[in-house]
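# Per-entry structural report
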Amino acid sequence: MNAEQIYAALAALAAEPAADPEKRPEGPQEEDRLHLLGSLLAKVELEITAATRLTTEEEEIEDVLETLLGWGEQVGEDPGLAVNVLTNRLQRTALQVSEPEAEELPPGREAAFAAVMTAVYALSAQVHADGGDAEGTRRALSGAEEALIDILQGMHDLRVAIGDAPGPEDEADT
């Protein structure tokens, strides 16, 4: 899809970004493509979220499975492509969870970020292993292990914050 096609899809969904005639008098350009795709992705995710029932767990799972069937039809039978799409989605999720503008994340968000990154590294490790790349597999596994430690640390820090576990100052008293 080129930038004009993506813009047209956004327009059809009444979600086109406000045009700046001074910046782009000739309309969307190819260098706008990724930004427009991000806007389209957000619109689709918001539509899925609005359409997903939040009633019983069984109904929610049915809704997720239905959207997954549509997703699978578009991706097709290429497992490498599916992993690439999943990895890209996980990386976007990690960035959104991490609040890039924040100086320090609250411990629960830090643990969530690390959990997403664990999945990214685990998928990467498998891709490297499938390709016979032992060194790449080792690097990805090391990243996954570090992220797992970060998950545990974030969960512990959150427990300390709510008083369920002793903090460093409490441990120094004993």
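This text gives an overview of the structure that appears in the document. Remember, predicted model here, so these are calculated numbers, not experimental data.

Glancing now at the overall build of the chain. The number of helices and strands found in the chain is seven helices and zero strands. Over its C-alpha atoms, taken along the principal directions, the chain stretches across nearly 70 × 40 × 40 Å. Computed over 11 positive and 37 negative side-chain charges, the inter-centroid distance for the chain is 5 Å.

Residue position: Ala12 is located in helix 1 (residues 3–12). Distance from Ala12 to Ala50, taken between C-alpha atoms, is 18 Å for residues 38 residues apart in sequence.

What follows concerns helix 5 (residues 107–130). Look at helix 5: 34 Å from first C-alpha to last across 24 residues, which is about the 34 Å you get at 1.5 Å a residue. Taken together, the buried positions of helix 5 are occupied by Ala111, Ala114, Val116, Met117, Thr118, Val120 and Ala125. Buried residues along helix 5 sit in contact with helix 4 (79–98) and helix 6 (134–162). Gly132 sits one or two positions beyond helix 5 and adopts a positive phi of about 75°.

The topology assignment puts Ser98 in helix 4. Engagement of the side chain of Ser98 in a polar contact is seen with the backbone oxygen of Leu95, the distance being 2.9 Å. Every residue in contact with Ser98, bar those within four places of it in the chain, is listed here: Leu105 and Phe113.

Moving on to unusual backbone geometry. Unlike most non-glycine residues, Ala14 shows phi in positive territory, near 55°. Looking at the element boundaries, Ala14 is found in the loop between helix 1 and helix 2 (33–51).

With that out of the way, let us pick up a nonpolar patch on the surface. Residues Ile61, Leu65 and Leu68 make up a contiguous nonpolar surface patch of about 270 Å² in total accessible area. By the secondary structure assignment, Leu65 is in helix 3 (residues 57–75). Given the relative accessible area of 46%, Leu65 is considered partly exposed.

Remark: helix 4 packs on helix 5, axes separated minimally by 9 Å, with the N-to-C direction vectors making an angle of 160°. One finds that helix 4 runs roughly antiparallel with respect to helix 5. Crossing angle aside, the handedness with which helix 4 passes helix 5 is left-handed. Residues Val83, Leu86, Thr87, Leu90, Gln91, Thr93, Ala94, Gln96, Val97 and Ser98 of helix 4 pack against Arg109, Ala112, Phe113, Val116, Met117, Ala119, Val120, Leu123 and Val127 of helix 5. Here the contact of helix 4 with helix 5 is composed, by residue class, of 13 nonpolar, five polar and one charged.

Note on placement: Asp63 falls in helix 3. When near neighbours in sequence (up to four residues on either side) are disregarded, Asp63 contacts Ala51, Thr52 and Arg53.

This brings us to the pattern of salt bridges. Counted by the stated rule, this structure contains four salt bridges. We note a salt bridge from Lys43 to Glu47, for which the minimum N-O separation is 3.1 Å. Within this pair, Lys43 and its partner Glu47 are both found in helix 2, separated by four residues, close to a single helical turn. For the salt bridge of Arg159 with Asp164, the shortest nitrogen-to-oxygen distance reads 3.2 Å.

Calculation criteria
- Residues numbered from 1 in each chain as written.
- Predicted model: local features only at pLDDT ≥ 70, side-chain atom pairs only at ≥ 80, totals over all residues.
- Heavy atoms only, no water.
- Helix = DSSP H or I, 4+ residues; strand = E, 2+ residues; numbered from the N terminus.
- Lys, Arg positive; Asp, Glu negative; His and termini not counted.
- Charge placed at Lys NZ, Arg CZ, Asp CG, Glu CD.
- Expected span 1.5 Å × (residues − 1).
- Buried < 20%, exposed > 50% of the residue type's maximum accessible area, 1.4 Å probe, protein only.
- Contact = heavy atoms within 4.5 Å.
- Polar contact = N/O pair within 3.5 Å; in protein donor to acceptor, adjacent residues only side chain to side chain.
- Patch = residues over 30% accessible without salt bridge, like charges linked within 9 Å, V, L, I, M, F, W, Y side chains within 5 Å.
- Areas by Shrake-Rupley, 256 points an atom, 1.4 Å probe, with all protein chains shown as cover.
- Salt bridge = Lys/Arg side-chain N within 4 Å of Asp/Glu carboxyl O.
- Axes fitted to C-alpha atoms, helices over the stretch in contact; angles between N-to-C directions.
- Parallel < 35°, antiparallel > 145°, perpendicular 65-115°, else oblique.
- Left-handed = near helix turned anticlockwise from the far one by under 90°.
- Nonpolar A, V, L, I, M, F, W, Y, C, P; charged D, E, K, R; others polar.

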